[in-house]
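Letter by letter, the chains look like this.
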Amino acid sequence: MRRRLIAVIGLIGVCFSAAAALSAEPLVQQSQLRAAIDKTLPLLTAGATGHRENRTCFACHQQGPPIFALTAARKRGFKIDDEEIDRQTAFIAKFLEGNRENYLQGKGQGGQADTAGYALWTLSVVGYQPDDTTSAVAEYFLLRHKEKDHWLNSSNRPPSEASPFSTTYLALYALTSFGTTEQAERVAARTAQVREWLLKTPAADNEDRVFRLWALEAAGAAKTDIATAAKELLAKQRDDGGWAQLDSGDSAYSENSDAYATGSALVALQATGELATSDPAYQRGLAYLLKTQLADGSWHIASRSKPFQPYYESGFPHGKDQFISCAASGWATWAMVLACER
């Protein structure tokens, strides 16, 4: 009788172990992720290349998140066009170099802090080394809005260029990554000032929450404050596994999840160490992205920004919506790449 009881208990233990193993299985398989990423990498490259060949200015949507995704993919063993990354690096460096004197005077360029910040972030991601130009851009951020307790966006082009939290993070990232020894004392004082603004200012939508989280970490906030910001962002995940751009309002951007909001949320949560890619919430986000990826490898997001520059075809699909769709596809791909095994 005792042996039979031990056997039954052992069998129950095996069943519980099997159940635990099943529950630990990722919702999304590595093969699914890699197939999806393989489809979108050529499109991201085409979008970035098309911009470089048609324009002389840096573009956040075509060269920011797309290049973030491409360089992250390279680290995970995906084959990308290294020569095009080199061309992009030279293009961005030349763009900043052409505005160096303006930066030293605090004048900036078109797009102001958002453009300069995304450009430096992109250079940092591809491994660009600090030089006189990057220190000039850092000086610009120290002069820009120095009378305020944070940096303000100069445009209202949602979602990428419509949040003071985005602009503030980009400025903080630039200063902490490219600030010089001579600038260190001013960088530290400015960072402390901005940290207080971040702590007391609530976020209003997904873009705010994503970049408030990034900025709190960049500003050296307490881990408890960073964790609280992450929980606020995670709490907005929807039943379909995605995030929406807006919290309320009668529009598709509040009623539906999309790849821009979802990809940027997942990347911020993972990059700040607040959500592992194996976590069920992250896995549900990946499942949403896989489900909504189009057959050509892209994600389509309808633009809600009014065009003000001459239209051109970059090589990325979706016509007048190609620019925000390219950025969204970059965020979505980056989120998937982070979940890939090295």
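Parameters and conventions
Residues numbered from 1 in each chain as written. Predicted model: local features only at pLDDT ≥ 70, side-chain atom pairs only at ≥ 80, totals over all residues. Heavy atoms only, no water. Phe/Tyr/Trp six-rings, centres within 6.5 Å; stacked < 30°, edge-to-face > 60°. Lys NZ or Arg CZ within 6 Å of the ring centre and 35° of its normal. Core = buried A, V, L, I, M, F, W, Y, C linked by side-chain atoms within 4.5 Å. Buried < 20%, exposed > 50% of the residue type's maximum accessible area, 1.4 Å probe, protein only. Helix = DSSP H or I, 4+ residues; strand = E, 2+ residues; numbered from the N terminus. Contact = heavy atoms within 4.5 Å. Polar contact = N/O pair within 3.5 Å; in protein donor to acceptor, adjacent residues only side chain to side chain. Salt bridge = Lys/Arg side-chain N within 4 Å of Asp/Glu carboxyl O.

### Concerning the packing of aromatic side chains
Evaluation of the coordinates by the stated rule reveals 20 aromatic pairs. The structure contains a cluster of three or more aromatic residues connected by ring pairs, namely Phe68, Tyr118, Trp121, Tyr169, Tyr173, Phe211, Trp214, Tyr260, Trp331 and Trp334. Positioned over the ring face of Trp151 is Arg190, at 4.3 Å from the centre of the ring. Just above the ring of Tyr253 sits the side chain of Arg304; from NZ or CZ to the centre is 5.1 Å.

### Observations regarding the nonpolar core
By size, the foremost hydrophobic cluster in this structure holds 94 residues, and its most contacted members are Trp121, Phe141 and Trp334. Of the residues forming this core, the biggest block, 11 residues, is contributed by helix 16 (residues 322-338). Those residues within four positions of Phe141 in sequence are excluded, and the remaining contacts are Ala113, Ala116, Gly117, Trp151, Ala171, Ala174 and Leu175.

### Let's talk about the side chain of Gln322
For Gln322, the position within the fold is in helix 16. Take Gln322: its relative accessible area is 0%, and that puts it in the buried class. Of note is the side chain of Gln322, whose polar atom sits 3.2 Å from the backbone oxygen of Tyr312. With near-sequence residues (within four places) excluded, Gln322 lies in contact with Gln62, Tyr311, Tyr312, Glu313, Ser314, Gly315, Phe316 and Pro317.

### Concerning the pattern of salt bridges
On inspection of all chains with the given rule, the structure shows 12 salt bridges. When the shortest N-O distance is used, the salt bridge between Arg74 and Asp82 registers 2.7 Å. The exposure class of Arg74 is partly exposed, given its relative accessible area of 33%. Note that Glu84 is salt-bridged to Arg87, the shortest N-O span being 2.9 Å. A residue pair is termed a helical-turn pair when its members lie 3 or 4 positions apart in one helix, as Glu84 and Arg87 do in helix 5 (residues 82-97) at 3 residues. Arg87 sits in the partly exposed class, given a relative accessible area of 36%. Taken together, the shared-partner salt bridges in this structure form one network comprising Arg52, Glu53, Asp81, Glu84 and Arg87.

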